[in-house]
2 protein chains.
Amino acid sequence: MAQFSTQDYAMMLRAIKLAQRGIYTTAPNPNVGCVITNGEEIVGEGFHARAGEPHAEVHALRMAGDKAQGATAYVTLEPCSHYGRTPPCAEGLIKAKVAKVICAMQDPNPQVAGRGIQMLRDAGIEVQVGLLEADARALNPAFIKRMESGNPYVQLKMAASLDGQTALANGQSQWITSPQARQDVQSLRAKSGAILSTSKTVIDDNASLNVRWHDLPTSVQAIYPQEALRQPLRVILDRQNQLQDELKLFSVEGEVVRVGEQGDLVPQLDASGHIELRHLLTTLVTEHNVNHLWVEAGATLASSLIKQGLVDELVIYLAPKLMGSDGRGLVGALGLTAMYQVIDLEIKELKQVGPDIRITATPIYKEQ
Amino acid sequence: MAQFSTQDYAMMLRAIKLAQRGIYTTAPNPNVGCVITNGEEIVGEGFHARAGEPHAEVHALRMAGDKAQGATAYVTLEPCSHYGRTPPCAEGLIKAKVAKVICAMQDPNPQVAGRGIQMLRDAGIEVQVGLLEADARALNPAFIKRMESGNPYVQLKMAASLDGQTALANGQSQWITSPQARQDVQSLRAKSGAILSTSKTVIDDNASLNVRWHDLPTSVQAIYPQEALRQPLRVILDRQNQLQDELKLFSVEGEVVRVGEQGDLVPQLDASGHIELRHLLTTLVTEHNVNHLWVEAGATLASSLIKQGLVDELVIYLAPKLMGSDGRGLVGALGLTAMYQVIDLEIKELKQVGPDIRITATPIYKEQ
């Protein structure tokens, strides 16, 4: 195991902070940051901002110029080794004659997977891997999941009263959560590559399911200029072909994919005639380049995804209200008859968002 | 408004910390702490530990001895002016010839209500009132509520899965919450003067509803010796006379009050034949000297108390589990038809207790 110095930690943290500046814009590319030091001086730095634009290392090398010679480059992800829309970054670092490269993690992309590191070592550059790896992985949960499994990272948003109701018995639900919670949802939508919902949800609320820059928290607006606004793909389950053209969904910017026998994407069905959700998710990766799927839908789709073990993270907003058990439940009927069958979650984060509570949790899927 | 010095603040904080040491044992008396300083030296201090035992001022004066002369006494509550089981503390301070008394708050007890302060002033002692008053009030929410309104302070405990279910459809519910949450419940029970429940809850779980010293968190055990264990009164609604003698409820230490036409306490009924809960609560004050009522019961009693505006604080444990909307709801059916009718809460505290979430909230009762 390589020993890292205090300066190494500080520089990699700086590179991670830089990488975070791309979280709203790089999809489907990963977030990457790079810092180049010559002795104690930072001579170059940069981050990847958008697919098709230069990688982090390119920005940092351009800034460093001649000072890159003999320098140390800190990169949050292994430099790429393949020709994509840009030449391989490993090659750029070799040409610039850096002496040492420290990467936080190996690239999970099977097209790279250690080849970038090998290229550098073959060129005589000292390479160390694994500095602040957990923090670097946290930059790109969706990119990593896709690369490692071929499936998108699925975040399921839910909102209910403290007693778990999403609507009154008559369907009234506007608004359970606060404007602050809805603003928070905007910033989480904005990070995703696609938003999955159903025609029922879209029609009931005439929901546009887009990202509205003016509704983003000011902290997000500060690092996400309006002119860079990227709309996640909106994927709507619409087997009965119910989506009418006059819906707000179609009047706002951004692409919509209707899933249905007469839609843009014809889903596989299982033996009982339901959409094969697992297959649909894989199709979103292969045909639409989606790493990160944000799901906003009703109890039926939510519980299907959970029961099938397809959810990576639940984001649950609980409003400080009691609505009574005669309302509509957060997840559908699960038909459980013994406590060992309940779906266990692990709480990752607990915070107040305005007057509401936001719980981020991971389902603990039991062995089959 | 009196100006207080840094030493004043420090000493009153110390008195408040001392007062807290009595929180498990003083009921139905208030928690009070006292510090006596002579110049910069602390010459005496004490707290009230148990009804019938000396008040905080008596402990502090005994410790100070002759050094109380010309000293300043910091008391978290106005010194008492009446002869109860102990002589009035105001008299004790006068006899000891203290020069100055600083109280955090006036006593809400109508038997005192400024008379203690007046006694001191009449004896030529300088008195200041209001230092850290909010913190001092927080020591005794139940005592203050009772003195100001004649009603007990009602804390309603609830526990559910994250989707608001308290049991599966078949009634299975052991255990939704974690051992840590159940330990936390023990420490909250231990602070109360009485526990209110129903024969159904007692019978379903064969619940003893007592305080088990060995189940208290070690942090509580440290300030609450086993030999000082005080059992809250257990008040059980049992109109059908269903409580059998062999229940655990009766085999453990502590007093039980059965509420029912053939019980120990015969309740008033309303026009529709239900127990007049508001009247019952007042009776618990007048006949059983209860300031602080802790409620552990099912959805029916919980929602009745909430709907009638009788709950001061909800303590809700949410376990990281999904149980499905076909289970049993946290509160009963409320029959709401419009969002403005929902019961709004204000969240006071949010914390993790082991794997579970504990939410402390106050109902916001709308104007009638």
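Residues numbered from 1 in each chain as written. Chains lettered and ligands numbered in written order. Predicted model: local features only at pLDDT ≥ 70, side-chain atom pairs only at ≥ 80, totals over all residues. Heavy atoms only, no water.

### Comments concerning the pattern of salt bridges
- Applying the stated criterion across every chain, the model contains 32 salt bridges over all chains.
- Ionic pairing is found between B:Lys321 and A:Asp344, a salt bridge with its closest N-O pair at 3.8 Å. Placement of B:Lys321 in strand S13 (residues 321–322) and of A:Asp344 in strand S15 (residues 343–353) is noted, with the two residues assigned to different chains.
- For B:Arg212, the salt bridge is made with B:Asp215, and the minimal N-O distance between the two is 2.9 Å.
- Residues participating in the shared-partner salt-bridge network are A:Lys157, A:Arg189 and A:Glu296. (Salt bridge = Lys/Arg side-chain N within 4 Å of Asp/Glu carboxyl O. Helix = DSSP H or I, 4+ residues; strand = E, 2+ residues; numbered from the N terminus.)

### Looking at the relation of the copies chain B and chain A
- Here chain B sits on chain A after a turn of 180° about the axis and a move of 0.0 Å along it, with an RMSD of 0.0 Å. The relationship between the two copies is best expressed as a two-fold rotation axis. Closest approach to the rotation axis among the C-alpha atoms of chain B is made by B:Gly164, whose C-alpha sits 2.2 Å away.
- A symmetric contact is evident, with 100% of the interface residues of chain B recurring at the interface of chain A. (Least-squares fit on C-alpha atoms with pLDDT ≥ 70 in both. Contact = heavy atoms within 4.5 Å.)

### Some words on the packing of aromatic side chains
Residue and element names in this part refer to chain A.
- Evaluated as defined, the whole model comprises 4 aromatic pairs over all chains.
- Between Tyr 24 and Tyr 224, the aromatic rings sit 5.2 Å apart at their centres with planes inclined by 10°, giving stacked as the arrangement. Placement of Tyr 24 in the loop between helix H1 (6–20) and strand S1 (33–38) and of Tyr 224 in the loop between helix H9 (218–221) and strand S9 (233–237) is noted, with a sequence separation of 200 residues between them. For the residue pair Tyr 24 and Tyr 224, the accessibility class agrees, reading buried in each case.
- It is Arg 182 that lies over the ring of Trp 175; its NZ or CZ is 4.0 Å from the centre. (Phe/Tyr/Trp six-rings, centres within 6.5 Å; stacked < 30°, edge-to-face > 60°. Buried < 20%, exposed > 50% of the residue type's maximum accessible area, 1.4 Å probe, protein only. Lys NZ or Arg CZ within 6 Å of the ring centre and 35° of its normal.)

### A word on the UniProt feature "domain: CMP/dCMP-type deaminase" (unreviewed entry) in chain A
- Under the feature "domain: CMP/dCMP-type deaminase" (unreviewed entry), the UniProt entry names residues 6–128 of chain A.
- Secondary structure content for residues 6–128 of chain A is 32% helix and 20% strand, and the end C-alpha separation is 15 Å. (UniProt positions renumbered as here; feature names shortened; annotations may be inferred.)

### Looking at the pairing of strand S2 (residues 41–47) of chain B
- Bridge count between strand S1 (residues 33–38) of chain B and S2(B): 6 bridges; the pairing is antiparallel. Across the sheet, residue B:Gly33 finds its bridge partner in S2(B), namely B:Phe47. (Pairing = 2+ DSSP bridges.)

### Topic: the sheet that holds strand S6 (residues 153–161) of chain B
- Pairing in this open sheet of 9 strands is mixed, and the strands run S13(A)-S15(B)-S16(B)-S12(B)-S6(B)-S11(B)-S8(B)-S9(B)-S10(B) from one edge to the other. Each edge of the sheet is formed by a strand with only one pairing partner; in this case those strands are strand S13 (321–322) of chain A together with strand S10 (256–259) of chain B.
- Bridge count for S6(B) against strand S12 (residues 313–319) of chain B is 7 bridges, and the pairing is parallel. Each residue of the ladder has a partner; that of B:Ala160, found in S12(B), is B:Leu318.
- Here helix H7 (residues 179–191) of chain B sits on the sheet and contacts S6, strand S8 (194–198), strand S11 (292–296), S12, strand S15 (343–353) and strand S16 (356–364) of chain B; the angle it forms with S11(B), its principal contact strand, is near 150°. (Axes fitted to C-alpha atoms, helices over the stretch in contact; angles between N-to-C directions.)

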